[in-house]
Amino acid sequence: MGQTPFPLLFAAFLLSCLAGFLLTRRASPDRQQSLWSLCAALSSAVIVGAVIAAGPARLSPAKIMGLVAIGLASAALFGGFFAARRLPEAPPDPAE
Amino acid sequence: MTEDFVPFAHLAAALCFLLAVQGLASAQAACRSICFGVAGMVIAILTALMQPGIHSYTAIVAAVVFGGAAGTVAAKRAPLSTLGRLVTGFHGLVGLAGLLAAIALLIAPGAVHAVPWPWLAVGSGLGAIAAAGALLALLKRWTGPLPWLGSCAGWAVCALGFSLSNLLLVMAGGLAGSSAAALALAQRKPL
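**Q** Teacher, can you tell me more about the overall build of chain A here?
**A** Each helix and strand counted, chain A has four helices and zero strands in total. Beginning at the N terminus, the succession of helices and strands in chain A can be written as α-α-α-α. Restricting to contacts in chain A with at least 6 residues of sequence separation, those with at least 24 account for 57%. Accessible area of chain A: about 4000 Å², with a carbon and sulfur share of 70%.

Right under this line is the structure:
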């Protein structure tokens, strides 16, 4: 699996942080809820790490934890995308 | 052969995520931006399944279908006024998933490759903060520090990516974490 050298990883990390920060900073207030939901969906990329833990054929505690992590992350993944689609119609949260 | 293909797939997926955030942050159609996000995630998951060392496809697909169905039903059925809280819960779930995945990689007997434990410790710590924070926020109905918790989940994904030397996890986590942090800053100021 792509063993990327650390300096390259770190550069990619800094660039994506910069991109996310600059793009989101200028977002209009009515899109903030949607973006918040998209963040949940994007963080669900953790599913990729969980798949590695759940991969081996032999049953072990690590594999069970990996599978539970996959289930949780995919709930957030699908839910995040569907919520991001619905949120633009939502009225602003009265609690704020 | 498939090994050479992996970095390009990761870059393509990261680019899709970037386009999704960009589209949603500007005034473009929300639907198209979300499609970019879905496409990126499909590439990411397919690439992950194609790695060597992955054997239990049935169990993995079953977990995805089960969790995905629960998330879809929750997000579609919830009344619009509670959707914001539901999304907070999703951030907590991601944090919990990060915590579990990090511990699973730590205790896995001779996992795919030796994983450096300090990154995993950082990842599981951040995941735990995100999960606990979301739970507190839901119970106590806080709204103030919420976006910071979401950014914790993103950073946990990042730490996991550093531990696995996985470009996609690092980029997706950085993007999600910094976007959530920017939202947190924006919410602190009066709009």
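We are not done yet, so read on.
**Q** Just checking my understanding: could you explain the layout of surface pockets for this structure?
**A** One way to see where empty space is left: roll a probe the size of a water molecule over the atoms. One number sums up the size of the second largest pocket: a volume of about 320 Å³. Lining the second largest pocket are 14 residues, and of these A:L77, A:F78, A:F81, B:V38 and B:V42 sit closest to its centre. Residue assignment for the lining of the second largest pocket shows that the elements contributing at least two residues are α4 (61–86) of chain A together with α2 (30–49) of chain B. A class-by-class count of the residues in the lining of the second largest pocket yields 13 nonpolar, no polar and one charged.

**Q** How do you make sense of the nonpolar core when you look at a structure like this?
**A** Where a protein is soluble and globular, its nonpolar side chains tend to be buried together. Core analysis: the biggest nonpolar cluster contains 77 residues, and A:L35, A:L38, A:I70 and B:I60 have the highest contact counts within it. Other than its neighbours up to four places away in sequence, A:I70 contacts A:I47, A:A50, A:V51, A:A54, B:I60, B:A63 and B:V64. Grouped together as the second largest cluster of nonpolar side chains are 10 residues, A:L9, A:C17, B:L167 and B:V170 included.

**Q** I'm lost on the interface of chain A and chain B in this one. Help?
**A** The figure often quoted for interface size is the accessible area lost as the parts come together. At the junction of the two partners, chain A supplies 81 residues and chain B supplies 98 residues. For the pair chain A and chain B, the summed buried area comes to about 7600 Å², and 78% of that belongs to carbon and sulfur atoms. Counting every contact that joins chain A to chain B gives zero salt bridges. On inspection of chain A and its partner chain B, the count reaches 13 residue pairs in polar contact (both at pLDDT 80 or more). At the level of secondary structure, the elements contributing two or more residues to the side of chain A that touches chain B comprise α1 (6–25), α2 (32–43), α3 (47–54) and α4 of chain A.

**Q** Would you mind showing me how to read α2(A) here?
**A** Because the α-helix completes a turn every 3.6 residues, residues three or four places apart line up on one side. In a regular helix each residue adds 1.5 Å, so 12 residues correspond to 16 Å; α2(A) covers 16 Å between its end C-alpha atoms and thus fits that length. The buried count for α2(A) comes to 11 of 12 residues, which makes it a mostly enclosed element.

**Q** Hey, could you run me through the packing of α3(A) against α4(A) in this one?
**A** Relative orientation and spacing of two packed helices are given, respectively, by the angle between their axes and the distance between those axes. All names here are of chain A. Packing of α3 against α4 brings their axes to within 7 Å, and their N-to-C directions diverge by 155 degrees. For the element pair α3 / α4, the angle class is roughly antiparallel. As for the relative orientation of α3 and α4, their crossing is left-handed in sense. Of α4, the residues touching α3 (which contributes I47, A50, V51, A53 and A54) are A62, K63, G66, L67, A69, I70, A73 and S74. Considered class by class, the residues forming the contact of α3 with α4 number 10 nonpolar, two polar and one charged.

What counts and how
Residues numbered from 1 in each chain as written. Chains lettered and ligands numbered in written order. Predicted model: local features only at pLDDT ≥ 70, side-chain atom pairs only at ≥ 80, totals over all residues. Heavy atoms only, no water. Helix = DSSP H or I, 4+ residues; strand = E, 2+ residues; numbered from the N terminus. Contact = heavy atoms within 4.5 Å. Areas by Shrake-Rupley, 256 points an atom, 1.4 Å probe, with all protein chains shown as cover. 1 Å grid on protein atoms, 1.4 Å probe; cavity = no way out; pocket = protein on both sides within 12 Å on 5 of 7 lines; lining within 4 Å. Points joined across faces, edges and corners; volume = space filled by probe spheres on them. Nonpolar A, V, L, I, M, F, W, Y, C, P; charged D, E, K, R; others polar. Core = buried A, V, L, I, M, F, W, Y, C linked by side-chain atoms within 4.5 Å. Buried < 20%, exposed > 50% of the residue type's maximum accessible area, 1.4 Å probe, protein only. Buried area = accessible area lost by both parts, 1.4 Å probe. Salt bridge = Lys/Arg side-chain N within 4 Å of Asp/Glu carboxyl O. Polar contact = N/O pair within 3.5 Å; in protein donor to acceptor, adjacent residues only side chain to side chain. Expected span 1.5 Å × (residues − 1). Axes fitted to C-alpha atoms, helices over the stretch in contact; angles between N-to-C directions. Parallel < 35°, antiparallel > 145°, perpendicular 65-115°, else oblique. Left-handed = near helix turned anticlockwise from the far one by under 90°.

Worth remembering: the numbers are spatial, not functional.
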